[in-house]
Amino acid sequence: MRTAAETEVRRPSAVRAMTVLLAVTAAATVVVEVLNWWYAPEQGFGLAVRTGWAMLRSIGFLLLIGHVRRGRTVARPLGLILAITTVFAVGRLIVPRNGMPPLPGLLGFALLAALCTAVVWLLYRSPAIAGHLVRHRPRLVIDRSGIFWRETPPRRPEANAWLLTSRVAAFTYSPLMLVPALVAVAEILDGRPFALPAVLFWLAAGIATSYLVLFCTAILMRGKRWAGTLLVVITLAVLAVDLPLCWWLLGVDGLIRDGAPLLAAAVLALYGVRRASTAAPAS
């Protein structure tokens, strides 16, 4: 069995190829967003917010490179949610309100979608990468030797991957709520002051969701079943708040552009909770 030191020094060729692929994907995310902004017929406040949020995913891919190089198990769920939300985030920007999308935007989206598909395929189908992503994050350990950080495997290894997937997906709830809420600020500036209380509530709900998810997933990773139920309740509440507000303040266009990515993250989080609960009795 390969030791942790050997894993750090002798990375398989598939891992090196993976890091190059992630770097190219991060760069492609920035290039495609710049193209979309350049060819967009309406370069308003809403497009600027959505473009800025989409470009932040390039930082996520750079963080993913670090996890892959260190062989962290969290790389798989992080890569999956990054790929899914990136495709949604870019796809919602290339389609204008009226008319057909520009050809450069379509070509850039097709390239980025292919890169994201390749990332997910390598993470979940490559035996070399699967054998490399075996290390867990270090934890504070106290024993007779003293207090120090040590790599510690989870207590529930069978359910760990799905719990990590649910956790990473749930962490996207808050930003996916705050982005359309900030876009809705333009509605207030365009002469809809009556929408101000709804937008403030939307912003507060997005911030509160981040703390609720942080607490819930911390308990969920310890194998508490009631935390999975709580995450389901939080997910349904988030959808009940975000989707109607997207439709009311941003219209059908906003519901598709901003509601669909959140719905995809919610489905992934709920599916992870379900698979983790079914894997628990087997373990």
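Keep in mind that what you see is a predicted model, and the values were worked out from it rather than measured. (Residues numbered from 1 in each chain as written. Predicted model: local features only at pLDDT ≥ 70, side-chain atom pairs only at ≥ 80, totals over all residues. Heavy atoms only, no water.)

1. Let's talk about the overall build of the protein chain
A count of helices and strands for the protein chain gives 11 helices and 2 strands. When the helices and strands of the protein chain are read in sequence order from the N terminus, they spell out α-α-α-α-α-α-α-β-β-α-α-α-α. For the protein chain, long-range pairs separated by at least 24 residues make up 73% of all intrachain contacts whose partners lie at least 6 apart in sequence. As displayed, the protein chain has an accessible area near 14,600 Å², and 69% of this comes from carbon and sulfur atoms. (Helix = DSSP H or I, 4+ residues; strand = E, 2+ residues; numbered from the N terminus. Contact = heavy atoms within 4.5 Å. Areas by Shrake-Rupley, 256 points an atom, 1.4 Å probe, with all protein chains shown as cover.)

2. A few points about the nonpolar core
By size, the foremost hydrophobic cluster in this structure holds 66 residues, and its most contacted members are M18, L22, L64, I129, Y173, W202 and L249. When residues of this core are assigned to their parent elements, the largest contribution, 16 residues, is made by helix 11 (residues 225–282). Ignoring any residue separated from it by four or fewer positions in sequence, one finds L22 in contact with F61, L64, I65, V68 and V119. (Core = buried A, V, L, I, M, F, W, Y, C linked by side-chain atoms within 4.5 Å. Buried < 20%, exposed > 50% of the residue type's maximum accessible area, 1.4 Å probe, protein only.)

3. Here we look at the packing of helix 2 (residues 13–39) against helix 4 (residues 57–70)
Packing of helix 2 against helix 4 brings their axes to within 8 Å, and their N-to-C directions diverge by 170°. Taken together, the axes of helix 2 and helix 4 are roughly antiparallel relative to one another. Along its contact with helix 2, which presents V15, M18, T19, L22, A23, T25, A26, T29 and V30, the element helix 4 presents S58, F61, L62, L64, I65, V68 and R69. A class-by-class count of the residues in the contact of helix 2 with helix 4 yields 11 nonpolar, 4 polar and 1 charged. (Axes fitted to C-alpha atoms, helices over the stretch in contact; angles between N-to-C directions. Parallel < 35°, antiparallel > 145°, perpendicular 65-115°, else oblique. Nonpolar A, V, L, I, M, F, W, Y, C, P; charged D, E, K, R; others polar.)

4. A few points about the packing of aromatic side chains
Scanning the model with the defined rule gives 2 aromatic pairs in all. Relative to Y271, the ring of W162 lies with its centre 5.3 Å away and its plane at 85°, an arrangement referred to as edge-to-face. Highlighted residues: W162 in helix 8 (residues 157–171) and Y271 in helix 11, separated in sequence by 109 residues. Judged by its relative accessible area of 24%, W162 is partly exposed. (Phe/Tyr/Trp six-rings, centres within 6.5 Å; stacked < 30°, edge-to-face > 60°.)

5. Examining the side chain of T235
Relative to the elements of secondary structure, T235 occurs in helix 11. Among the residues examined, T235 registers a relative accessible area of 0% and is labelled buried. Not counting residues up to four positions away in its chain, the partners in contact with T235 are Y173, A266 and L270.

6. Notes on the side chain of T172
Along the chain, T172 falls in the loop between helix 8 and helix 9 (173–189). At 2.5 Å, the side chain of T172 and the backbone oxygen of A169 are in polar contact. When sequence neighbours within four positions are dropped, the list of residues in contact with T172 reads I81 and A265. (Polar contact = N/O pair within 3.5 Å; in protein donor to acceptor, adjacent residues only side chain to side chain.)

7. Regarding the environment of W162
Measuring from C-alpha to C-alpha, the distance between W162 and A269 comes to 8.7 Å, with 107 residues separating the pair along the chain. In this view, W162 contacts Y271, G272, R275 and A276; residues no more than four positions away in its chain are not counted.

8. Considering the packing of helix 2 against helix 3 (residues 45–55)
In the contact formed by helix 2 and helix 3, the axes pass within 9 Å of each other and the chain directions differ by 170°. Between helix 2 and helix 3, the angle is such that the two are roughly antiparallel. Across the interface between the two elements, T29, V30, E33 and W37 from helix 2 touch L47, A48, T51, A54 and M55 from helix 3. Here the contact of helix 2 with helix 3 is built from residues that sort into 6 nonpolar, 2 polar and 1 charged.

9. Quick look at the environment of R76
Mapping R76 onto the fold places it in helix 5 (residues 75–94). C-alpha of R76 to C-alpha of V119: the two residues are 43 residues apart in sequence and 9.6 Å apart in space. Apart from residues no more than four positions distant in its own chain, R76 is found in contact with L123, Y124, A130 and L133.

10. Thoughts on the confidence of the model for the protein chain
The predicted model of the protein chain has a mean per-residue pLDDT of 81, with 80% of residues at 70 or higher. Taking the mean pLDDT of every element in the protein chain, the minimum, 44, falls on helix 1 (residues 4–9) and the maximum, 92, on helix 10 (residues 196–220). Scored below 50 in pLDDT, residues 1–9 makes 8 contacts in the model with residues more than four places away or belonging to other chains. (pLDDT = per-residue confidence, 0-100.)

11. Focus on helix 4
For helix 4, built from 14 residues, the straight-helix expectation of 20 Å at 1.5 Å per residue is met to within 8% by its first-to-last C-alpha distance of 20 Å. Among all positions in helix 4, only R57, S58, G60, F61, L64, I65, G66 and V68 are buried. Within two residues after helix 4, G71 carries a phi angle of roughly 70°, on the positive side. (Expected span 1.5 Å × (residues − 1).)

12. Here's the deal with the environment of S126
Position of S126 relative to the elements: it lies in the loop between helix 6 (103–125) and helix 7 (127–132). Take S126: its relative accessible area is 9%, and that puts it in the buried class. Taking the C-alpha atoms as reference, S126 lies 7.8 Å from A14; in sequence the two are 112 residues apart. In this view, S126 contacts A14 and W121; residues no more than four positions away in its chain are not counted.

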